[in-house]
Amino acid sequence: MSHFVTTGAQGGHTEAALAPNRREIHDLVKDVKQFSLYVQATAEMTSTSQQDVISWFSIASIHGLPHVQWNGAGSDKPVSTQWGGYCTHGSVLFPTWHRPYVALFEQVLQQHAINIAKKYTTESSAWNLAALNLRAPYWDWAYQVVPPPEVISLEKVKIITPTSHGQMVSVDNPLIRYIFKPIEPSFPSPASAWPTTLRYPTSAAVDATSDVTKLIEALNSSGPGLRKSIYNLMTRVNTWEAFSNHTPGNGGSATASLEGIHDSIHVDAGGLVNSNGVSHNGHMSNPAIAGFDPIFFMHHANVDRMLSLWAAINPTVWVVDGPANNGTWTISEKSTVGATTELGPFFSSQTGYWKSTEVAQTHPLGYSYPEFNGLNMGDKDAVRIAISRKVNELYGSGGLSVPGGPAPTPAPAPVPTPSGEILEWSAQVHFKKFELQKSFSVLLFLGPVPENTADWRTSPSFAGATHAFANSAAENCENCRAHSDMVVEGFVHLNDSLLKHPHLRSLESAAVVPHLQRELSWRLFTGVDVPLENLPSLEVTVMATPVTQGPGDIFPVAGTPRLFHHVTHGRQGGCRVAA
């Protein structure tokens, strides 16, 4: 059979770039021509028959359900003990597999935009150029955590169409939901009854809607932690194993992996909610159905951008060999994967798939990111320095933080230790990903925990969370049962929360350890408050990383983390080691 070949978007030009820029979504919505084309192209994709190989539905289904072969890639049916989608989670291939995936989406999106642009009879050349330059936007959740209203709340958006004679007109907004035609029966309940994708569904009923207020609250509560996690990822992690995926092994960085941060966005964007005490997820919170939500590709375009930034800072590091773990449609669960593993189902030609070695740069797939504009990409050291400075500008705090902010009662501002160190405190969180057979969150608090779970994320005592992004269709997930022992790792950074306590006069262990012993607690959340005993694999361990920054250092320099096992030892979900 003839296969659809993933080339990425073609043509167009961004000045001083090797390929046209992907643009941040807050920026794109301000460009009337490109936003008008983006909206219409999305509407065209979402209205294409779900059986079409390059329809919205078919491209989204590559990620998970309904577990059908795409574009003739792999066997007719998936192996039951492996992940039923093609995507690679918990694997060293996680970042690079998603690169041609987003490029495929972008390729189809642009082709629709090009066809639409040809219908404009005024300023036709400008519209055609806008279509050639159109790329899939990214949502930079580490810089501006809440997407614009055009993505999360507006039922109608104003654009210029080929028949509006240059005037802005209101059209249905295809960015806030995907409408199934028909509803996919293989989806887990209650998603199998919902006619559209939902974020923070208001109920399990057919007429449920998205709760935008809860979405915004959750994202805002995650913002500071996301920014810190991305900054630490960029500045401290320098091995592919620690960078790429959420399995344990952070290389001593005491920070979450790219996949771990990605998991948090999925859960926070889709939501864990409950109806009459029964928990359920929005689409983005379940890997089996996440790809259908229009925000999915904005999210993954930013995940891909983070890969580009990190790779520029670490130019000698790329994909290394590692276990396939739970496998995919085209990758055996027992295999070793690496830089030359085929990234199915994305054909680079009629006879082969893309490989990680072929996607180390973005311009072969037809796009770039604004941070690289004007850089000599052949001078890797100059690129490393320029991107490091951009990371500081976007995500850095401008220096090391010490206590001494606003406080109800005056407190002397502490100073670094004589060696110039500041301790960065964090909680390492381990648990078995599939233990609850659904997505869940482990929330950490420094201080009183509100009785009402609805107040948890907005409470002053909320310190942060780490998340399991897991399949909730247990009956369709023999893989989840076969790999029930898979452990994932996350981190919650505690300094910001510690700095809020006016009576904490130092970040030294003599002051912080007794404070954490009194105030630190954690809760398990699936949409409802779940007893910690239900997650026996949970292990929360406190650690402190000494950090210094000299006048010539681009980034803060982290030392070896110090473990404080006794802070949580002896508690449900605490550290299993006493000292």
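No experiment lies behind these values; they were computed from the predicted model shown.

Moving on to the overall build of the protein. Across its full length, the protein carries 14 helices and 17 strands. The C-alpha radius of gyration of the protein comes to 23 Å, within 12% of the 25 Å expected for a compact globule of 579 residues. Seen through its principal axes, the protein has C-alpha atoms that stretch 70 × 55 × 50 Å. Considering only residue pairs separated by 6 or more positions, the protein has 71% of its internal contacts joining residues 24 or more positions apart. Accessible area for the protein stands at about 21,800 Å²; split by element, carbon and sulfur atoms hold 53% of it. Of the charged side chains in the protein, 37 are positive and 47 negative; the average position of the first set lies 2 Å away from that of the second.

Where burial is concerned, most of strand β12 (residues 487–493) is hidden: 6 out of the 7 residues are buried. For strand β9 (residues 422–432) and β12, the ladder comprises 7 bridges, and the chain directions are antiparallel. Bridge pairing in β12 places F431 opposite V488.

Turning our eyes to something else, we now look at the confidence of the model for the protein. On average, residues of the protein score 91 in pLDDT, and 91% of them reach the 70 mark or higher. Note on residues 398–415: pLDDT is under 50 here. Beyond four places in sequence and across chains, it has 31 contacts. With pLDDT under 50 throughout, residues 474–478 is counted as low confidence; its partners more than four residues away or in other chains account for 8 contacts.

Turning our eyes to something else, we now look at the nonpolar core. One finds L37, Y38, W141, I230, W240 and M306 to be the most contacted residues of the largest nonpolar core, which totals 129 residues. Counting residues in hydrophobic clusters, the runner-up holds 34 residues, among them L423, L498, V513 and V540.

Let's shift gears to the side chain of E150. Tracing the backbone shows E150 in helix α6 (residues 149–152). At 9.7 Å, K30 is the nearest oppositely charged side chain to E150, a buried residue that forms no salt bridge. Excluding residues that lie within four positions of it along the chain, E150 makes contacts with V29, F35, V157, N173, L175 and I176.

Here the focus is the sheet that holds strand β13 (residues 520–525). Across the sheet, which stays open at both edges, the 4 strands sit in the order β11-β10-β13-β14 with antiparallel pairing between neighbours. Only two strands of the sheet have a single partner each, and these edge strands are β11 (462–468) and β14 (529–530). When strand β10 (residues 440–446) meets β11, the two strands line up antiparallel, connected through 6 bridges. Pairing of V442 across the sheet is with T466, part of β11. The sheet strands contacting helix α14 (residues 509–519) are β10 and β13, and the helix crosses β13 at an angle near 40 degrees.

According to the stated counting rule, one finds 30 aromatic pairs in the structure shown. For the ring pair Y101 and F297, a centre distance of 5.2 Å and an interplane angle of 70 degrees mean the geometry is edge-to-face. Residue Y101 is found in helix α4 (residues 94–117), and its partner F297 is found in helix α10 (residues 295–313); the two are separated by 196 residues along the sequence. The burial state of Y101 is the same as that of F297; both residues are buried. Three or more aromatic residues joined by ring pairs form one cluster here, namely W56, F57, W97, Y101, F105, Y178, F180, F187, F292, F296, F297 and F346.

This brings us to the pairing of strand β7 (residues 342–347). The buried count for β7 comes to 5 of 6 residues, which makes it a mostly enclosed element. What sits between β7 and strand β8 (residues 353–355) in their antiparallel hairpin is a turn of 5 residues.

Okay, the pattern of salt bridges next. Tallying each qualifying case throughout the model produces 19 salt bridges. Taking the shortest distance from any N to any O, the salt bridge between D293 and R199 comes out at 2.7 Å. In this pair, D293 sits in the loop between β4 (278–281) and α10 while R199 sits in the loop between β2 (168–172) and α7 (212–236), placing the two residues 94 residues apart along the sequence. Residue R199 is classed as buried on the basis of its relative accessible area of 3%. Here R236 ties to E424 by a salt bridge, and the two come within 2.4 Å at their closest N and O atoms. Separated by 188 residues along the polypeptide, R236 in helix α7 and E424 in strand β9 bring together distant segments of the chain.

Our focus in this paragraph is the packing of α7 against helix α11 (residues 380–395). For the pair α7 and α11, the least separation of the axes is 10 Å and the interaxial angle reads 165 degrees. Judged by the inter-axis angle, α7 sits roughly antiparallel to α11. The two elements α7 and α11 cross, and the hand of that crossing is left-handed. Counted together, R227, I230, Y231 and M234 of α7 and V391, N392, E393, L394 and Y395 of α11 form the full contact between these two elements. Looking at the contact of α7 with α11 residue by residue, the class counts come to 6 nonpolar, 1 polar and 2 charged.

Criteria and thresholds
Residues numbered from 1 in each chain as written. Predicted model: local features only at pLDDT ≥ 70, side-chain atom pairs only at ≥ 80, totals over all residues. Heavy atoms only, no water. Helix = DSSP H or I, 4+ residues; strand = E, 2+ residues; numbered from the N terminus. Rg over C-alpha atoms; globule rule 2.2 N^0.38 Å. Contact = heavy atoms within 4.5 Å. Areas by Shrake-Rupley, 256 points an atom, 1.4 Å probe, with all protein chains shown as cover. Lys, Arg positive; Asp, Glu negative; His and termini not counted. Charge placed at Lys NZ, Arg CZ, Asp CG, Glu CD. Buried < 20%, exposed > 50% of the residue type's maximum accessible area, 1.4 Å probe, protein only. Pairing = 2+ DSSP bridges. pLDDT = per-residue confidence, 0-100. Core = buried A, V, L, I, M, F, W, Y, C linked by side-chain atoms within 4.5 Å. Salt bridge = Lys/Arg side-chain N within 4 Å of Asp/Glu carboxyl O. Axes fitted to C-alpha atoms, helices over the stretch in contact; angles between N-to-C directions. Phe/Tyr/Trp six-rings, centres within 6.5 Å; stacked < 30°, edge-to-face > 60°. Parallel < 35°, antiparallel > 145°, perpendicular 65-115°, else oblique. Left-handed = near helix turned anticlockwise from the far one by under 90°. Nonpolar A, V, L, I, M, F, W, Y, C, P; charged D, E, K, R; others polar.

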